[in-house]
Amino acid sequence: PCRPRQGTIVRRFTPRMPRRQSSQSSEGSMTRSEGEQSRPSRRLGITGYVGLVREGYDELVKAIIRPPRAEYSLNDLGPSEFRYGGVDFVRQDVSVPNRRGLALCGSLWRRADLEPGSSFPCVVYLHGNASCRAEATTIASQVLALGAALFSFDFAGCGLSEGNYISLGFFERDDVETMIGWLREYAGVGAVALWGRSMGAVSSVMQAARDPSIAGLVLDSPFASLEQVALELVSGGPDGDRPEGVPNVPGFLVKSALRMVASSVKSRAGFDLYKCRPVDAAPTCFMPALFATAHDDVLVRPHHSRLIFDAFAGDKNLVTFEGDHNEMRPGFFLDSAAIFFTNVLRIPDAAALEVPTDHSGRPLPLMQVLLMQQRGAAARLYGPRGGEATQAERARLRAEAQQELERQQLEEEEMLNRAILESLSSSEPPAACRQRASDNHAPQPPPAAPPAPSGCG
């Protein structure tokens, strides 16, 4: 029953890749052809700016509350039964109605040998605005290796869950509350900690402010206020830089346009853009928290994490690293998150699993290990217990599996970039304004039609 609504733009989910030199990023950036970058630009007059506001604000509304819906199937979550670290695991897929009556689709990865009625710790992973629960597979090995269970779900309006719009944390906090309630009442979960990224981190803060039973938070790139993010995307952040392709609009027109956008957002999605302020919730959060932000993030700039960090009432730590909003997080941050969850969930060392690791001693990605198992090679990674394979042979098997995984990701990356760029095309001036801005500009071709919606699951 969990399928995208008709007429919704979808894009294929792909895990984040390690940083590579590229002219495109996977979320929120825009690229222009070399010819466009070399064209001389003329400053828009006040008439051109007003036209931009009038003609483009509707598309801006769609970019905020209706980004491309991540398309995936349950097969992308891996097998429903598998063996990892010498332990049998199961994945339980569920559909739970939220406060608004929308079905939320989620998955619980847990040990298969748990006794009925037993309580176990659980990490709930909360995805970003244009993503889905499949994103949790990128950190599953870190969580399961600790001896904890992992749960993730599609927010309303995302992935396979019902709903037409997102609210960037305003209603998503209610979805978090719904799913935590289900985990405790029906799944036997005890201690719960949240791991949120971008919109998921915002939802974590806003829900934690009213649920002191949450054991801890890992908050990756939360924004302090939605209004501030919107203003910075157009007018630039503290350093004055903006994502490529975003026009430089005077501040007084930006605020006028934002009021128009806020009005449309409220009428369509039912929430007040100006009240989506997790920084106001931080002073009433008393659980421990680990904050994280990337130095080169121009979508949710690093100072947003600092603002929430400074206002946060509980024990806290802030980790910074290279990269932008969408890039794969470095290993030391994943190590920090694992240690943090071990402490806040009070997981005994004896519960940790012996799992396949990379050259740095960190758990290999779960999907990579499962791919190796399909090839009958995973057992050799466990050392002498798996046979007499040499170190060189184990390294070769790891390299082959990693190459296969990267090949699949690269095939999907181009589809992802096209969908994201189409969603954010509203950040470019409308065709009429571009033509007025420069007499030398050739007429722009009509935008490509969005991909046809397809059913998932």
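Cut-offs used in this document
- Residues numbered from 1 in each chain as written.
- Predicted model: local features only at pLDDT ≥ 70, side-chain atom pairs only at ≥ 80, totals over all residues.
- Heavy atoms only, no water.
- Helix = DSSP H or I, 4+ residues; strand = E, 2+ residues; numbered from the N terminus.
- Buried < 20%, exposed > 50% of the residue type's maximum accessible area, 1.4 Å probe, protein only.
- Contact = heavy atoms within 4.5 Å.
- Areas by Shrake-Rupley, 256 points an atom, 1.4 Å probe, with all protein chains shown as cover.
- Arc of directions from axis to C-beta.
- Pairing = 2+ DSSP bridges.
- Axes fitted to C-alpha atoms, helices over the stretch in contact; angles between N-to-C directions.
- Salt bridge = Lys/Arg side-chain N within 4 Å of Asp/Glu carboxyl O.
- Phe/Tyr/Trp six-rings, centres within 6.5 Å; stacked < 30°, edge-to-face > 60°.
- Lys NZ or Arg CZ within 6 Å of the ring centre and 35° of its normal.
- pLDDT = per-residue confidence, 0-100.
- Polar contact = N/O pair within 3.5 Å; in protein donor to acceptor, adjacent residues only side chain to side chain.

A. Spotlight on the overall build of the protein. Regarding its fold elements, the protein presents 13 helices and 11 strands. Within the protein, the fraction of its 457 residues that count as buried is 53%. Of the contacts made within the protein by residues no fewer than 6 positions apart, 78% connect residues no fewer than 24 positions apart. Surface summary for the protein: the accessible area is close to 20,400 Å², and the carbon and sulfur share equals 50%.

B. Broad picture of helix α9 (residues 302-311). Among the residues of α9, His304, Ser305, Ile308 and Phe309 are the ones counted as buried. Buried residues in α9, looked at end-on, bunch into an arc of 135 degrees, giving them a common side.

C. Region of interest: the sheet that holds strand β4 (residues 87-97). The strand order across the open sheet formed by nine strands is β3-β4-β5-β7-β6-β8-β9-β10-β11, and the pairing between neighbours is mixed. Two strands close off the open sheet at either side, each with one partner strand: β3 (81-84) and β11 (316-321). When strand polarity is set aside, the average angle formed by the axes of neighbouring strands in this sheet is 20 degrees. Sitting on the sheet, helix α10 (residues 331-344) is in contact with β6 (120-126), β8 (189-197), β9 (217-220), β10 (289-294) and β11, with an inclination near 155 degrees to β8.

D. How the structure looks around the pairing of β6. By the criterion of burial, β6 is predominantly enclosed, with seven of the seven residues buried. Judged by which residues are buried, β6 turns out to be covered on both faces: Phe120, Cys122, Val124 and Leu126 on one side and Pro121, Val123 and Tyr125 on the other are all buried. Pairing between β6 and β8: six bridges, direction parallel. Considered in β8, the bridge of Cys122 is made with Val192. Two elements, β6 and strand β7 (residues 149-153), share four bridges in a ladder whose sense is parallel. Bridge pairing in β7 places Val124 opposite Phe151.

E. Local environment of the pattern of salt bridges. According to the stated counting rule, one finds 15 salt bridges in the structure shown. Among the salt bridges present, the one from Arg133 reaches Asp93, with a minimum N-O distance of 4.0 Å. Here Asp93 lies in strand β4 and Arg133 lies in the loop between β6 and α3 (140-146), a separation of 40 residues in the sequence. Residue classification places Arg133 among the buried residues on the basis of a relative accessible area of 2%. Looking at Asp93, the relative accessible area reads 34%, which means it is partly exposed. Taking the shortest distance from any N to any O, the salt bridge between Arg210 and Glu177 comes out at 3.7 Å. In this pair, Arg210 sits in the loop between α5 (199-208) and β9 while Glu177 sits in helix α4 (residues 172-186), placing the two residues 33 residues apart along the sequence. Relative accessible area serves as the criterion here: at 36%, Arg210 is assigned to the partly exposed category.

F. Structural view of the packing of aromatic side chains. Within the structure shown, the criterion is met by 16 aromatic pairs. Relative to Phe89, the ring of Phe82 has its centre 5.6 Å away and its plane inclined at 10 degrees; by these criteria the two rings are stacked. Among the residues examined, Phe82 registers a relative accessible area of 8% and is labelled buried. Overall, Phe89 belongs to the buried group, its relative accessible area being 2%. Both rings, one in Phe170 and one in Phe171, keep their centres 5.2 Å apart while their planes meet at 85 degrees; by these two values the pair is edge-to-face. The exposure class of Phe170 is buried, given its relative accessible area of 17%. Pairwise contacts between aromatic rings join Tyr125, Trp195, Phe321, Phe332, Phe333, Phe340 and Phe341 into one cluster. The lysine or arginine in question, Arg100, covers the ring of Phe171, its NZ or CZ lying 4.4 Å from the ring centre. The aromatic ring of Phe170 is capped on one face by Arg173, whose charged end is 4.8 Å from the ring centroid.

G. Expanded view of the confidence of the model for the protein. Averaged over every residue, the pLDDT of the protein is 79; the share at 70 or more is 65%. Scored below 50 in pLDDT, residues 449-457 shows 25 contacts in the model against residues more than four places distant or in partner chains.

H. Summary view of the side chain of Arg91. Among the secondary structure elements, Arg91 is positioned in strand β4. A polar side-chain atom of Arg91 sits 2.6 Å from the main-chain carbonyl oxygen of Gly78. A polar atom in the side chain of Arg91 sits 2.8 Å from the side chain of Asp93. In this structure Arg91 touches Leu74, Leu77, Gly78, Pro79, Ser80, Ser107, Leu108 and Trp109, once residues within four positions along its chain are discounted.

I. Representation of α5 in the model. Judged by how many residues are buried, α5 sits mostly within the fold: 10 of 10 residues are covered. Considered for burial, the residues of α5 that qualify are Met199, Gly200, Ala201, Val202, Ser203, Ser204, Val205, Met206, Gln207 and Ala208.

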